[in-house]
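One-letter residues, chain by chain:
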Amino acid sequence: MITAAFWILTAVFVVRLYLVTRWGSSTAFLAAIGIGVLGLFLGGVVVPEAVIDAHLGGVNVLHLVRNLSVTIAVWLIRDGIFAAYSLDASYQSRFTHRPIAIVLAAFAIAIPFSCQRFGPTASNFVPENVQQLPVFIYATVYMSILALLAMSVFRICLQPQMSLPVRVSSRVVAAGMGLVALASVEEIAYMTAMHIDVGGPSVQKVLYVLFSPLFYGGVLLTSLGLGIPPAVKAWRRLQVRDRAALVFLTATLGRTYWGLSYAAWLASILASLCASSPSARLYEYIIRSSDHKVALSGRATPVLAGRVLDRVQARFDGGVGSLESVLPVRAAH
Amino acid sequence: MQQTKLTADTVESLNLPAYPTLSDLVGSVEEKYGKTLIFEEGTVSSLGEGVTGQWIDTPSHGIVRYLRGAKAWSIHVVLHELSHILLGHKGKPLDGLIGGSFFSGIGKRHGVSWMCRAVDLPLDEAEAAAENLAFGLARVLHAAPQKEATKAERVFGL
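Predicted, not measured: the structure shown is a model, and the values here were computed from it. Within each chain, residues carry numbers counting from 1 in the order of the written sequence. Each chain gets a letter, beginning with A, and each ligand a number, beginning with 1, in the order they are written. Two thresholds apply to this predicted model, a pLDDT of at least 70 for residue-level local features and 80 or more for giving and counting side-chain atom pairs, whereas whole-chain, interface and lining totals are computed over all residues. The basis for every side-chain value is the complete set of heavy atoms in the structure, and neither hydrogens nor water enter the calculation.

S.K.: Got a minute to help me understand the overall build of chain B in this structure?
M.R.: Starting at the N terminus, helices and strands are each numbered in turn, a helix being any DSSP run of H or I of at least four residues and a strand any DSSP run of E of at least two. Across its full length, chain B holds six helices and five strands. When its helices and strands are written in sequence order, chain B yields α-α-β-α-β-β-α-β-β-α-α. The buried label applies to any residue whose accessible area, calculated with a 1.4 Å probe on protein chains only, is under 20% of its type's maximum; exposed applies above 50%, and partly exposed to all values in between. Here chain B, with 158 residues, has 52% of them falling under the buried criterion. A separation of at least 24 residues holds for 67% of the contacts in chain B among residues at least 6 apart in sequence. Here chain B displays about 7,300 Å² of accessible surface, and carbon together with sulfur accounts for 54% of that area. In what follows, residue pairs with any heavy atoms lying within 4.5 Å of each other are defined as contacts. Per-residue and other accessible areas were derived by the Shrake-Rupley procedure at a 1.4 Å probe size, with only the shown protein chains allowed to occlude residues.

See below:
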């Protein structure tokens, strides 16, 4: 799950970066996603944790860096969503939205971490070291801050929103952040049970096993949610629907209606795929096709192509208005 | 279809509003034409086999006849005939055309002429120019204002 989350978030980051540089999209979530990618990378998805930690001294500092990355990423996501949903910038005056808040949070996490008795790189750092009070405090403070931030994102993402893509994106992010908050609380319960040794091994085992699907499921959903707006933007800019219809009509009707040679037909399909304005070419195609349909009988149109023609035709019909309502039309004779 | 310079210049000369309707366009054409236009829905029997539209120029008004079909297509046929008018095409004398129609007896002496939109390819120069302008006019008619993104949409990257 962490691997899927990493690659999805990386793809979202690359697409968003492209949209920012190419089409001047908002940079609001770019830093959050970039830091999120870093956080997931530090989870050993591509390079083993031990190798990365060795470069950081080989004493589990990787764990701290990863958790700080996740905390900062969620804080930035929260900031972006507040910026989107707030009517003005007044929310920025609240303490938790000031940069000093995240700096203090980072210190609150890092200070207990630095007070531990450092040991060699551990694949299960928290379970192996949670008996140490500084590690218990470090992990509890981190999880608490993360839970609060995630809950804050969850709440604002559920506010009413007119725009459908934003609404869908927000709801998916809210679901993800809800899972992250739940995982954080559940992890605090696990660490507490381990630290003060209550609940017995079976309860502790269940609590331990629950964390990863909840947390990384939440990260996965958040990544998907943040990927929805750039996907919608790319869909619109590339006019995917019109392009697909144009390619399909050219492929199915090009040779029948225009008597194109095989090579010309292939070139025509390629041109349809790369058309700078598929909508304009689709209109041209519709007119040409209708010419043949209406005036030259005896040329069969495949059923599916006919349906695509009808759908596109209906869209163009809706754009101009009724002839009878706009023209001084005489009765037909 | 690649828009020709003639098409671009003609569209620009119409001084249409940003997102014109068909009646805006007809109004502009009538102004340039100097006569009113009457539109008629025709049939294959009245227009002729393979003919989708027809413009008949009379001394007092113009008549645009279009074949009944899908709305967007019928409008395109109208745009083609309007293009003939805008491009200053003179048309052919009406004598001998459409034996049974109302205009069959009017004849050349009254200055009545006609042009039609046939589906035969290739088009001659005048028909090709009119068809190119029809596509140019259609592009203007079908242009829709870009919906301004809300603040939330902008921040989310839409």
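S.K.: Is there a simple way to think about empty space enclosed by the protein in this case?
M.R.: A probe matching the size of a water molecule, rolled over the atoms, marks out where space remains unfilled. All names here are of chain A. A cavity, in this analysis, means grid points on a 1 Å lattice covering only the protein atoms where a 1.4 Å probe fits yet has no way out; a pocket is instead an open set bounded by protein on both sides within 12 Å along at least five of seven lines, and a residue lines either one if it has an atom within 4 Å of a point. Grid points are joined across faces, edges and corners, and a volume is the space filled by probe spheres set on the points. Scanning all chains against the criterion turns up two cavities of 30 Å³ or more. By volume, the second largest cavity amounts to about 30 Å³. Lining the second largest cavity we find I286, S289, S290, K293, L309, D310 and Q313. Elements with a minimum of two residues in the lining of the second largest cavity: α12 (278-295) and α13 (303-320). With four residues, the single largest contributor to the lining of the second largest cavity is α12. The class makeup of the residues in the lining of the second largest cavity is two nonpolar, three polar and two charged. Under the scheme applied, nonpolar residues are Ala, Val, Leu, Ile, Met, Phe, Trp, Tyr, Cys and Pro; charged residues are Asp, Glu, Lys and Arg; polar residues are all the others, including Gly.

S.K.: Even after reading the chapter, I still don't get the interface of chain A and chain B, so can you show me in this structure?
M.R.: Interface size is often expressed as the accessible area that is lost when the parts come together. The partner chain B presents 44 residues to the 49 residues of chain A that form the contact. Summing both partners gives a buried area of about 4,100 Å² for chain A against chain B, and 64% of it is carried by carbon and sulfur. Each reported salt bridge corresponds to a side-chain nitrogen of Lys or Arg within 4 Å of a carboxyl oxygen of Asp or Glu. Summed over the shared surface of chain A and chain B, the number is zero salt bridges. Here a polar contact is taken to be a pair of N or O atoms separated by no more than 3.5 Å, where protein atoms must pair a possible hydrogen donor with a possible acceptor and residues adjacent in sequence count only if both atoms sit in side chains. Along the contact surface separating chain A from chain B lie six residue pairs in polar contact (both at pLDDT 80 or more). Mapped by element, the contributors of at least two residues to the side of chain A that touches chain B are α4 (61-85), α8 (164-195), α9 (200-237), α12, α13, α14 (323-326) and β1 (329-330) of chain A. Buried area: the accessible area, evaluated with a 1.4 Å probe, that two parts lose upon being put together, summed over both parts.

S.K.: Looking at this structure, I do not really get unusual backbone geometry. What am I missing?
M.R.: Its identity is not glycine, yet D197 of chain A carries a phi of approximately 55 degrees, on the positive side. The phi dihedral of N15 of chain B is positive, around 50 degrees, even though this residue is not glycine. Relative accessible area serves as the criterion here: at 67%, N15 of chain B is assigned to the exposed category.

S.K.: What is the right way to look at the pattern of salt bridges in this model?
M.R.: When their charged atoms lie close together, side chains carrying opposite charge are able to pair. All names here are of chain B. Inspection of every chain in the model, using the stated rule, returns seven salt bridges over all chains. We note a salt bridge from D57 to K35, for which the minimum N-O separation is 2.8 Å. Of the two residues, D57 sits in strand β2 (residues 51-57) while K35 sits in the loop between α2 (22-33) and β1 (36-42), which places them 22 residues apart along the sequence. Between R65 and E40 there is a salt bridge; the shortest N-O distance is 3.2 Å. With R65 in strand β3 (residues 61-67) and E40 in strand β1, the pair connects residues that are 25 residues apart, well separated along the chain.

S.K.: Honestly, helix α5 (residues 125-142) of chain B in this entry has me stumped. Any pointers?
M.R.: Each full turn of the α-helix corresponds to 3.6 residues, which orients residues three or four apart in the same direction. To estimate the expected span of a helix, subtract one from its residue number and multiply by 1.5 Å. Along its 18 residues, α5 of chain B runs 26 Å from first to last C-alpha, staying within 8% of the 26 Å computed at 1.5 Å per residue. All of the buried residues along α5 of chain B are E127, A130, E131, N132, L133, A134, F135, G136, L137, A138 and L141 of chain B.

S.K.: Hey, could you run me through the layout of surface pockets in this one?
M.R.: For the largest pocket, the calculated volume is near 1,600 Å³. Contributing to the lining of the largest pocket are 39 residues, with R236, Q239, D242 and S279 of chain A together with Q146 of chain B lying nearest its centre. Broken down by secondary-structure element, the contributors of at least two residues to the lining of the largest pocket are α9, α10 (240-258), α12 and α13 of chain A together with α5 of chain B. For the lining of the largest pocket, the element with the highest residue contribution is α5 of chain B, accounting for six residues. Its volume calculated, the second largest pocket comes out at about 820 Å³. Of the residues forming the lining of the second largest pocket, the biggest block, nine residues, is contributed by α9 of chain A. Of the residues assigned to the lining of the second largest pocket, the class counts are 29 nonpolar, 12 polar and four charged.

S.K.: Got a minute to help me understand the packing of helix α1 (residues 2-23) of chain A against α9 of chain A in this structure?
M.R.: Helix-helix packing is described using two parameters, namely the angle between the two axes and the distance between the axes. Residue and element names in this part refer to chain A. For helices, the fitted axis covers only the stretch in contact; all axes are lines through C-alpha atoms, and the angles between them, taken along N-to-C directions, range from 0 to 180 degrees. Contact pair α1 / α9: the axes reach a minimum separation of 9 Å and the direction vectors enclose 30 degrees. In terms of orientation, α1 and α9 fall into the roughly parallel class. In this structure, the crossing between α1 and α9 has a hand that is left-handed. Contact with α1, carried on its side by I2, A4, A5, I8, L9, V12, V15, R16, L19 and W23, involves Y216, V219, L220, S223, L224, L226, G227, P229, P230, K233, A234 and R237 of α9 and no other residues of that element. The class makeup of the residues in the contact of α1 with α9 is 17 nonpolar, two polar and three charged. For classification purposes, angles smaller than 35 degrees are called roughly parallel, those larger than 145 roughly antiparallel, those between 65 and 115 roughly perpendicular, and all remaining angles oblique. Whether a crossing is left-handed or right-handed is set by the direction in which the near helix is turned from the far one by less than a right angle, anticlockwise for left-handed and clockwise for right-handed.

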